[in-house]
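Spelled out from the first residue to the last, the chains are:
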Amino acid sequence: MPGAKLDEIDRMILAELQADGRMTNVELARRVGISAPPCLRRVRTLEEQGYIRGYHADVDPRELGFDVSVFVMVRLVSQSEAELSAFEARCGGWPLVRECHMLNGEVDFILKCVAPDLRSFQSFLTGELTAAPNVASVKTSLVIRNAKAEPGVPFDVLEARLARKA
C-alpha cells in the first residue's frame, strides 16, 4: 500500500509541510517531536525519494489580473499513445493551461485554464486549442467560484487506512 513504507514521523512531516511549506526546519521538528538535524535529514530523504515534489507559493490568480478560470473538456480524433503524448506536450506549451489531466470515458482530457479576461480565453480557444491537430471537440465550463481548493492528499484518510491494515 502506498504510504505504508513511511513511518509515522515521515507522514507527520509530509502533513505539516503540505499545510505550510514555509515553516522553518526547527519549527517542523518541534511539531513532529524530533530534533532539527534528523528532521532535516528526513525532509531531504523525502525529497530525494519523490514524496516531496517541490515547494511553491499559493498565488491568487485574481489578484494578478487573471479573472477568468475555465475547465475545458477535450475529445481527440485518435487516442493512440503518440497522439495522446503529442497533445500533452502541446498543452505544456500553452501558458493559459495550468493543469492537464487525461481521463477515461467520453472526454480524453480536462484542462484547467486561467486568463485575464474572456476575450483572451476566447482567442486561445479559437486560435490555438480548437485549431490544434487531432482535436475533435471542445466543451468549456466557466468557473463561477471556487468553493474548495485543498492541495495534496488527506493525511487523516491515509492514517485511518494504515490503522485498519495494522
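Up top is the structure.
Residues numbered from 1 in each chain as written. Predicted model: local features only at pLDDT ≥ 70, side-chain atom pairs only at ≥ 80, totals over all residues. Heavy atoms only, no water.

Draft legend 1. The arrangement of the overall build of the protein chain in detail. A count of helices and strands for the protein chain gives 6 helices and 4 strands. Ordered by position from the N terminus, the helices and strands of the protein chain form the series α-α-α-β-α-β-β-α-β-α. A compact globule built from 166 residues would reach a C-alpha radius of gyration of about 15 Å, whereas the protein chain, at 20 Å, exceeds it by more than 25%. In terms of its C-alpha atoms, the protein chain occupies a principal-axis envelope of roughly 55 × 40 × 25 Å. Here the protein chain holds 166 residues, and 26% of them are scored as buried. Accessible surface computed for the protein chain: about 11,300 Å², of which carbon and sulfur atoms make up 51%. Averaging the coordinates of the 21 positive side-chain charges in the protein chain and doing the same for the 23 negative ones gives two points 3 Å apart. (Helix = DSSP H or I, 4+ residues; strand = E, 2+ residues; numbered from the N terminus. Rg over C-alpha atoms; globule rule 2.2 N^0.38 Å. Buried < 20%, exposed > 50% of the residue type's maximum accessible area, 1.4 Å probe, protein only. Areas by Shrake-Rupley, 256 points an atom, 1.4 Å probe, with all protein chains shown as cover. Lys, Arg positive; Asp, Glu negative; His and termini not counted. Charge placed at Lys NZ, Arg CZ, Asp CG, Glu CD.)

Draft legend 2. Looking closely at the side chain of Asp108. Assignment of secondary structure puts Asp108 in the loop between β2 (97–102) and β3 (109–115). Buried charged residue Asp108 carries no salt bridge. Nearest counter-charge: Arg75, at 6.0 Å. In terms of polar contacts, Asp108 uses its side chain to reach the backbone amide nitrogen of Leu76, at 2.6 Å. Setting aside residues up to four positions removed in sequence, Asp108 forms contacts with Val74, Arg75, Leu76, Gln79, His101, Met102 and Leu103. (Salt bridge = Lys/Arg side-chain N within 4 Å of Asp/Glu carboxyl O. Polar contact = N/O pair within 3.5 Å; in protein donor to acceptor, adjacent residues only side chain to side chain. Contact = heavy atoms within 4.5 Å.)

Draft legend 3. Inspection of the pairing of β2 at higher detail. Pairing geometry for β2 and β3, over 5 bridges, is antiparallel. When the bridges of β3 are listed, Cys100 appears paired with Leu111. In this antiparallel pair of consecutive strands, β2 and β3, the connection spans 6 residues, and Gly105 shows a positive phi of 125°. (Pairing = 2+ DSSP bridges.)

Draft legend 4. Region of the structure containing the layout of surface pockets. By volume, the largest pocket is sized at about 1,900 Å³. Together, 45 residues line the largest pocket, and His56, Asp58, Glu150, Pro151 and Gly152 are the ones closest to its centre. Those elements that place two or more of their residues in the lining of the largest pocket are α1 (8–19), β1 (68–76), β2, β3 and α6 (155–165). Residue classes in the lining of the largest pocket are distributed as 23 nonpolar, 9 polar and 13 charged. Shared between two domains, the lining of the largest pocket takes at least three residues from each, and those domains are domain 1 (8–57) and domain 2 (62–142). (1 Å grid on protein atoms, 1.4 Å probe; cavity = no way out; pocket = protein on both sides within 12 Å on 5 of 7 lines; lining within 4 Å. Points joined across faces, edges and corners; volume = space filled by probe spheres on them. Nonpolar A, V, L, I, M, F, W, Y, C, P; charged D, E, K, R; others polar. Domains from an automatic or database assignment.)

Draft legend 5. The arrangement of the side chain of Ser69 in detail. For Ser69, the position within the fold is in strand β1. On the accessibility criterion, Ser69 (17% relative accessible area) is buried. Leaving out residues up to four positions away in the same chain, Ser69 has contacts with Cys113, Val114, Ser141, Leu142 and Val143.

Draft legend 6. Quick peek at the packing of aromatic side chains. Enumeration according to the criterion identifies 4 aromatic pairs in this entry. An angle of 75° between the planes, with centres 6.2 Å apart, marks the rings of Phe87 and Trp94 as edge-to-face. As far as the burial class goes, Phe87 and Trp94 line up, both buried. Geometrically, the ring pair formed by Trp94 and Phe124 is edge-to-face, given 5.3 Å between the ring centres and 80° between the ring planes. Within this pair, whereas Trp94 is found in the loop between α4 (81–92) and β2, its partner Phe124 is found in helix α5 (residues 118–129), the two being separated by 30 residues in sequence. For the pair formed by Trp94 and Phe124, the shared burial category is buried. Each member of the aromatic cluster is reached from another via a ring pair, and the members are Phe87, Trp94, Phe109, Phe121 and Phe124. (Phe/Tyr/Trp six-rings, centres within 6.5 Å; stacked < 30°, edge-to-face > 60°.)

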